[in-house]
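Inside the fold
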Amino acid sequence: MEQRYSVRESDIISILSFNILADCYCPPEFFPYADKQILLHSYRAPLIVKQIGELDADIVCLQEVDHYEDYFQGRLKALGYRSIYEPKSSRREGLLVAWKESRFKMTESFVRCFDRGHEYDQYFEFQKGYKALFVRLRDKTNGLDYVIINLHLFWDPLFEHVKFHQIFLILDLVDLSR
């Protein structure tokens, strides 16, 4: 028998996620086809913040974030967001989760570090520095809890199995986050 569910407008949330390309990954020789100016943080960062403001998502997940303390934290706060940042262990960039402070309250957060061994971590060598940031948010309008997981998967397209392994490890932890 078919069951229909109704969703209240207050239960709908919007989530924005994108990789903003950290400075350490955009030297001009990596992007010979691009104008050097557009690779600069001073050019890209204001456009990223402008886009976040225009999209006005309830929750924002960014990967490859650098300049958190000296740029993004304050500008996101000015847009009404609270945020948490977790740097990668091997680079000067990391993960960011931001939420509309007027709607959500963070009740818990933790990090899963792929650097640590796991009973089935045969891909350990490929995962150095990779993390997942778990954030539990309570919706002030309806009391619902949401677990947001922001992660940056291994980059190499030739190693899809490593990405699947990382997702498997994350899904294994989802039960722990309840």
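It should be noted that the structure appears before, not after, this text.
**Side note on the packing of aromatic side chains**
A full pass over the atoms with the stated rule returns five aromatic pairs. With centroids separated by 6.1 Å and ring planes inclined at 85°, the aromatic side chains of phenylalanine 31 and tyrosine 33 adopt a geometry described as edge-to-face. According to the relative accessible area criterion, tyrosine 33 is exposed, its value standing at 67%. Above the plane of the ring of tyrosine 81 lies lysine 100, whose end atom (NZ or CZ) is 4.7 Å from the centre.

**Some thoughts on the packing of helix α1 (residues 41-55) against helix α2 (residues 68-78)**
At their nearest, the axes of α1 and α2 sit 11 Å apart, and the two run at 25° to each other. The angle between the axes of α1 and α2 places the two elements in the roughly parallel class. Note that α1 runs across α2; the crossing there is right-handed. Within the contact between the two elements, α1 uses His41, Ala45, Pro46, Ile48, Val49 and Ile52 and α2 uses Tyr71, Phe72, Arg75 and Leu76. Looking at the contact of α1 with α2 residue by residue, the class counts come to eight nonpolar, one polar and one charged.

Procedures and definitions
Residues numbered from 1 in each chain as written. Predicted model: local features only at pLDDT ≥ 70, side-chain atom pairs only at ≥ 80, totals over all residues. Heavy atoms only, no water. Phe/Tyr/Trp six-rings, centres within 6.5 Å; stacked < 30°, edge-to-face > 60°. Buried < 20%, exposed > 50% of the residue type's maximum accessible area, 1.4 Å probe, protein only. Lys NZ or Arg CZ within 6 Å of the ring centre and 35° of its normal. Axes fitted to C-alpha atoms, helices over the stretch in contact; angles between N-to-C directions. Helix = DSSP H or I, 4+ residues; strand = E, 2+ residues; numbered from the N terminus. Parallel < 35°, antiparallel > 145°, perpendicular 65-115°, else oblique. Left-handed = near helix turned anticlockwise from the far one by under 90°. Contact = heavy atoms within 4.5 Å. Nonpolar A, V, L, I, M, F, W, Y, C, P; charged D, E, K, R; others polar.

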